[in-house]
Amino acid sequence: MKRGFEPDLVTVGRLLNGLCVEGKALEAVQVFDRMSEGGFRGDVFTYGVLIGGLCKIRETDLALKLYRKMVERNCEADLFIYSRIIDSLCKDRLVDEGVNIFFEMVSKGITPDVVIYSCLVNGLCSIGRLKEAVKFFDEMVGRGIAADLVMYNSLIHGFCQEGMWKEAARIFDWMVGEGISPDEVTFTTLIDCLCKEGKVGKAHEIFALMKRKGKEPTLYTYNSLMGGLCMTGRLDEAAKLFGSIADQGIELSVYSYNIMINGYCKSWKIDEAFQLFQEMKVKGCKPNAVTYNILIGALCRGGRVRTAKKMFDEMHVCGQSPIFSTYAVMLDGLCKNGHVDEAMALFHSPESNRCKSGIELYSILIDGMCRTGRLEEARDMFNEMSKKGFVPDVVLYNIMINALCKKGMLLEADKLLIEMEEKGCLPDSISFNIIIQGFLRENNIHKAVNLLEEMRRRNFTPNEAVTSMLIQLAVGDPQFRATLESLPVPDALQEEIFPRKICRM
């Protein structure tokens, strides 16, 4: 351009498109900027190439800035540009920005197509805003635009993510009625949701329909069905399905093995789980950290802590490094089986330190100390943890409050209940039930009643243990019964605490 050569729009467009195709959209923008400094003005095609290229490499912010720049230069965006920007914003979970661009586009008289609606519906579904997604779907249909398979799959997936299988099934039936054939993704999404909700019979019906429609189930489909069967205790059927997968020439994944191993472990069939563990290694399927977590956890729950620890130590030999959750499972197993010193040694080991400690690990250890009567050590660790910048959560506060109550240290427990709220951690129903039980055991009725009043203000309900203690006290103490009757507790709970036979006494 310095030598008087003025490239035309077509030549520039081809140059920039070539760079974008190679994934060099940022270089393309730099070239465009230099040319713009020399007086070059791009058209809608030029901007479309650049914005499309930037969106492709997920440089959404730059794409949006370039869009604003083209608008400032009185170059109106077309449907292609809007679809690219809205799609990129939604994929980056910037859905509100995507919706704003959509309305900006409509205000300029550009009619959205099914692609743009699909981007918005998918984006809204991915963040659980299903009502808004359905609203856009209805708007699209109202414009006379027919929904496609992508749109229906987005809606079905969105409802399935929220466990709303009935709504997902209705959309499935609607799409079939509209003449849209479900694909493997549609069927698998619905099957997976039904299995997770324990509706395995319904999932089998969809699975049978899938095969009748000539759609081949994927490994993910089979894994979903196996998971559902295991979850509902139908292990024999799950094992039969597991065996049929290999017979069809589909290679089993580590996830497939983990589903079955977990199913056996939850049914206390540890030997069968280990047989499958050995089989997967023989067949060249390398166990991962999740596999070890499942087996170590099952061994610990069965009291076989030594075998679990041996397996934990052997992970390195098998090429697997324990991850955070592995340490959590092992520490929990050691503590719950009374091996707190060994758990402490593991927690402070160099290997454990490489796997950043978290609040969960502290909670496990502190709970283990409290269970074995080592309250002072638990308090020291609780304070040490806070000094290291870890913020206790409600679970950990409840552990400490419970331990203090069991030791009769109710003033300190009450102080901790107040402290947790001051530090931004709201007590839950468990917190109140624990401390109310403590005060009732110590016959501090006044304090227990005050806490019951506070509990009610927060819409919490006394648990079975507290209710039982209240009934016993109400039977033997008319004055206490009168106090309780004055509390604004729900009618159902009043009836539970003051059944007719007590009230007539």
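Residues numbered from 1 in each chain as written. Predicted model: local features only at pLDDT ≥ 70, side-chain atom pairs only at ≥ 80, totals over all residues. Heavy atoms only, no water.

*Asks:* Describe a nonpolar patch on the surface, and please don't skip the residues or the numbers.
*Replies:* Where nonpolar side chains cluster on the molecular surface, the patch consists of Leu26, Ile57 and Leu62 and spans about 210 Å² of accessible area. The residue Leu26 is located in helix H2 (residues 25–37) in this model. (Patch = residues over 30% accessible without salt bridge, like charges linked within 9 Å, V, L, I, M, F, W, Y side chains within 5 Å. Areas by Shrake-Rupley, 256 points an atom, 1.4 Å probe, with all protein chains shown as cover. Salt bridge = Lys/Arg side-chain N within 4 Å of Asp/Glu carboxyl O. Helix = DSSP H or I, 4+ residues; strand = E, 2+ residues; numbered from the N terminus.)

*Asks:* For the nonpolar core, give the residues involved together with the corresponding values.
*Replies:* Core analysis: the largest hydrophobic core is formed by 156 residues, its most contacted members being Ile51, Tyr67 and Ile261. Among residues more than four places away in sequence, those in contact with Tyr67 are Ile51, Ala77, Ile81, Tyr82, Ile85, Ile101, Glu104 and Lys108. (Core = buried A, V, L, I, M, F, W, Y, C linked by side-chain atoms within 4.5 Å. Buried < 20%, exposed > 50% of the residue type's maximum accessible area, 1.4 Å probe, protein only. Contact = heavy atoms within 4.5 Å.)

*Asks:* Please set out the pattern of salt bridges residue by residue, giving values where relevant.
*Replies:* Enumeration over the complete set of coordinates arrives at 28 salt bridges. A salt bridge links Asp96 to Arg129; the nearest nitrogen and oxygen atoms lie 2.7 Å apart. Of this pair, Asp96 sits in helix H6 (residues 95–107) while Arg129 sits in the loop between helix H7 (114–126) and helix H8 (130–142), placing them 33 residues apart in sequence. What makes Asp96 partly exposed here is its relative accessible area of 42%. Relative accessible area serves as the criterion here: at 24%, Arg129 is assigned to the partly exposed category. Taken together, the shared-partner salt bridges in this structure form one network comprising Arg68, Glu76, Glu104 and Lys108.

*Asks:* Tell me about helix H17 (residues 289–301), and name the residues and values.
*Replies:* A rise of 1.5 Å per residue sets the reference length of H17, with its 13 residues, at 18 Å; its end C-alpha atoms lie 18 Å apart and thus fit the reference within 8%. Within H17 the residues assigned to the buried category are Ala289, Thr291, Tyr292, Asn293, Ile294, Leu295, Ile296, Gly297, Ala298, Leu299 and Cys300. Elements that come into contact with the buried residues of H17 comprise helix H15 (254–266), helix H16 (270–282), helix H18 (305–314) and helix H19 (324–336). Phi turns positive, to about 80°, at Gly303, one or two residues after H17. (Expected span 1.5 Å × (residues − 1).)

*Asks:* Report on helix H3 (residues 44–56), specifying residues and quantitative values.
*Replies:* The first and last C-alpha atoms of H3 sit 18 Å apart over 13 residues, in line with the 18 Å expected at 1.5 Å per residue. Of all 13 residues making up H3, ten are buried, and the element is well covered by its neighbours. Downstream of H3 by one or two residues, Arg58 has phi in the positive range, about 65°.

*Asks:* Can you tell me about the confidence of the model for the chain, naming the residues and giving the values?
*Replies:* Residue-level pLDDT values for the chain average 86, and 89% of them are 70 or greater. The secondary structure element of the chain with the lowest average pLDDT is helix H31 (residues 500–503), at 42, and the one with the highest is H15, at 95. pLDDT under 50 marks residues 500–505. Its contacts with residues more than four places away, or in other chains, come to nine contacts. (pLDDT = per-residue confidence, 0-100.)

*Asks:* Any details on the packing of H15 against H16? Residues and values, ideally.
*Replies:* At a closest axis distance of 7 Å, the pairing of H15 and H16 adopts a crossing angle of 165°. Judged by the angle between their axes, H15 and H16 are roughly antiparallel. Seen from above, H15 lies across H16 with left-handed handedness. Between H15, through Val254, Tyr257, Met260, Ile261, Tyr264 and Cys265, and H16, the contact on the second element is made entirely by Ile270, Glu272, Ala273, Leu276, Phe277, Glu279 and Met280. The residue inventory of the contact of H15 with H16, partitioned by class, reads eleven nonpolar, no polar and two charged. (Axes fitted to C-alpha atoms, helices over the stretch in contact; angles between N-to-C directions. Parallel < 35°, antiparallel > 145°, perpendicular 65-115°, else oblique. Left-handed = near helix turned anticlockwise from the far one by under 90°. Nonpolar A, V, L, I, M, F, W, Y, C, P; charged D, E, K, R; others polar.)

*Asks:* So what's going on with the packing of H6 against H7? Which residues, and what values?
*Replies:* Direction vectors running N to C along H6 and H7 enclose 155°, while the axes themselves pass 10 Å from each other. Comparing the axis directions of H6 and H7 gives the class roughly antiparallel. Between H6 and H7 lies a crossing whose hand is left-handed. Counted together, Val95, Gly98, Val99, Phe102 and Met105 of H6 and Ile116, Tyr117, Leu120, Gly123 and Leu124 of H7 form the full contact between these two elements. Within the contact of H6 with H7, the residues separate by chemical class into eight nonpolar, two polar and no charged.

*Asks:* Kindly report on the side chain of Thr60, identifying the contributing residues and their values.
*Replies:* Along the polypeptide, Thr60 turns up in helix H4 (residues 60–72). Residues contacting Thr60, with those up to four places away along its chain left out, are Ser88, Leu89 and Asp92.

*Asks:* Give a description of the environment of Ile171 that names residues and reports values.
*Replies:* Along the chain, the position of Ile171 falls in helix H10 (residues 165–177). Residues Ile171 and Phe159, spaced twelve residues apart in sequence, show a C-alpha to C-alpha distance of 9.4 Å. Residue contacts for Ile171: discarding those within four places in its chain leaves Tyr152, Leu155, Ile156 and Phe159.

*Asks:* How would you summarise the packing of aromatic side chains if you had to cite specific residues and measurements?
*Replies:* Under the defined criterion, the tally for this structure stands at 16 aromatic pairs. Ring plane angle 70° and centroid distance 5.2 Å describe the contact between Phe347 and Tyr362, whose orientation is recorded as edge-to-face. You can see Phe347 sitting in helix H20 (residues 340–347) and its partner Tyr362 sitting in helix H22 (residues 359–371), a full 15 residues away along the chain. Tyr362 carries the same exposure label as Phe347, and that label is buried. Site record: aromatic cluster; members linked through ring pairs are Phe102, Phe103, Tyr117 and Phe136. (Phe/Tyr/Trp six-rings, centres within 6.5 Å; stacked < 30°, edge-to-face > 60°.)

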